[in-house]
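Structural features, examined
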Amino acid sequence: MSLKSIFMPAITSWWLSPARQGRLRAAAERSRKARGERHTVHYFHQADDPYSALMVQCLPRLTERYDLDLQAHVASPPSDAAAPDRDRLIAYSRKDAAWLATRFGLDFVDHGQQPDTAALQRMTAQLVQTIQEGQFFAQGRQLCAELWDPAPKGAENPSSALASDRQAQSHLQASDALRQRWGHYNGGMLYYAGEWYWGLDRLHFLESRLQALGAARPGTTGLMFPPEAATHWPQAQAGDSIEFFFSLRSPYSAIAAQRLFALTQDTGIQVKLRYVLPMVMRGLAVPRHKRMYISQDAAREAQRFGIPFGRINDPVGQPTERGLSVMPLAESKGLGQAFVLSFMRGVWSEGLDAGSDNGLKKIAERAGLDWSEVCAALDNNHWRQIAENNRKDMLAMGLWGVPSFKLGDTVVWGQDRFAALEMALRSDR
């Protein structure tokens, strides 16, 4: 047994535990009170990010609902290492933001293009200037709307306030350094007392935390954007099938698999398993701060859905390859879903080493597989071509990562987009 297998499960179980989170939050609140400070939330805005365009519309309402100081920072896009397939990410972000805008009554339309470089540079200078003048939250929404509107503009107002190029670059560098020091890489992010919250999808976590601290203003009730709850899908009709693109090393895939399989078993909808190799095993590096954030975010998402998570034995490398080599056998026995659930449970919540015979045997046998047949399957590399074909199909759909889903003409990414799948199912009824 490797040292990783010995120590990693215990360390991650402690690091991701709700008890540790509670102690850190309590310490942060004691420190805030001792300094006599107000609750302070930091917002990192990326000018060419569609999710930031949505977020900036909601921030004035956040200050109306909670007694806090909100500080804005204009930041740069994530690095290539944090956004390895940038073109697909950008195109999908516009599409997804348009869906969110429709769902929540906000303003954003995907016109199929990003703002041009000159408009983006000018907008950055304008946004930095509004921060310097204390007007970002009053003017940001309108400025962003103008940036994303492709309609021809009249002559620009020469009196429009702009920060100098030097001021704008200095601001961006300071914002990027602060964001990195606090452990993130993306735009549209909110940071409060040691924790990060991404866009509309995680705003409910911040609101719940502020409410627990008594920071809500009188009359504040509920949440601005309630999180995706347990969806209620309709019963299957002929031909209803979902293609599920997943990785055995993806914690979000682990969460999605349990939810998806439960929903489809209840409704009779068919699932086609489309496994791919993890990004890092395809030569795409994942920065440490991205891995750390994903683990923390996945832990709180799993907790919200009551899915065991946190005692991790990272299956990168041989454990994932061994798991994938068993997939064709499991599917041939009608046990594909059972094996995926058992593998995910083993490496993400039980700390099992799928790279060892003892670990993989436990995973396989409780899924209903015969160990002697599993051992024989480990020598078969047929799965590699299947995984590669799945990867190519995923890229052809305009997606780059997992978990992803295809239902008819609907293609979505993320374990928190089950509502989009439900809408697609109901639209055909």
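Everything that follows concerns the structure shown earlier in this document.
Let me begin by describing the structure that accompanies this report. (Residues numbered from 1 in each chain as written. Predicted model: local features only at pLDDT ≥ 70, side-chain atom pairs only at ≥ 80, totals over all residues. Heavy atoms only, no water.)

**Examining the side chain of Gln415**
- Along the chain, Gln415 falls in the loop between β8 (410–413) and α16 (418–427).
- Here Gln415 falls in the buried class, since its relative accessible area comes to 2%.
- A distance of 2.9 Å separates the side chain of Gln415 from the side chain of Glu301, its partner in a polar contact.
- Beyond its immediate stretch of four places on either side in the chain, Gln415 contacts Arg202, Glu228, Tyr252, Ile255, Ala256, Arg259, Glu301, Phe305 and Pro403. (Helix = DSSP H or I, 4+ residues; strand = E, 2+ residues; numbered from the N terminus. Buried < 20%, exposed > 50% of the residue type's maximum accessible area, 1.4 Å probe, protein only. Polar contact = N/O pair within 3.5 Å; in protein donor to acceptor, adjacent residues only side chain to side chain. Contact = heavy atoms within 4.5 Å.)

**Thoughts on the sheet that holds strand β5 (residues 241–246)**
- Taken in spatial order, the four strands line up as β6-β5-β7-β8 in an open sheet, and their pairing is mixed. Looking at which strands have only one partner, the edges of the open sheet turn out to be β6 (270–275) and β8. Strand-to-strand, the axes of this sheet are offset by a mean angle of 20°, without reference to chain direction.
- Two elements, β5 and strand β7 (residues 404–407), share three bridges in a ladder whose sense is antiparallel. (Pairing = 2+ DSSP bridges. Axes fitted to C-alpha atoms, helices over the stretch in contact; angles between N-to-C directions.)

**As for a nonpolar patch on the surface**
- On the surface, Leu3, Ile6, Phe7, Ile11 and Trp14 cluster together to form a nonpolar patch covering roughly 560 Å² of accessible area.
- Within the secondary structure layout, Leu3 lies in helix α1 (residues 3–15). (Patch = residues over 30% accessible without salt bridge, like charges linked within 9 Å, V, L, I, M, F, W, Y side chains within 5 Å. Areas by Shrake-Rupley, 256 points an atom, 1.4 Å probe, with all protein chains shown as cover. Salt bridge = Lys/Arg side-chain N within 4 Å of Asp/Glu carboxyl O.)

**What to know about the pairing of β6**
- Bridge analysis of β5 against β6 gives six bridges, and the strand direction is parallel. For Phe245, the partnering residue across the bridge sits in β6 and is Arg274.
- Following the backbone out of β5, through helix α9 (residues 251–267) and into the adjacent parallel β6, one traces a crossover that is right-handed. (Right-handed = clockwise from strand over helix to strand, strands pointing away.)

**Quick word on unusual backbone geometry**
- Residue Pro403 is reached from Val402 by a cis peptide bond, and omega for that bond is 0°.
- Here Pro403 is to be found in the loop between α15 (382–396) and β7.

**Comments concerning the sheet that holds strand β4 (residues 195–198)**
- Overall, mixed pairing links the four strands, which are arranged β2-β1-β3-β4 in an open sheet. One side of each edge strand has no neighbouring strand; the edge strands of this open sheet are β2 (68–74) and β4. Strand-to-strand, the axes of this sheet are offset by a mean angle of 25°, without reference to chain direction.
- Pairing analysis gives four bridges linking strand β3 (residues 189–192) to β4, with the strands arranged antiparallel. In the strand pairing of β4, Tyr192 is matched with Glu195.
- Its contacts with the sheet place helix α6 (residues 136–148) against β1 (39–45) and β2, and it is angled at close to 45° to β2.
- Helix-sheet contacts for helix α7 (residues 165–181) involve β1, β2 and β4, and the interaxial angle to β2 is about 115°.

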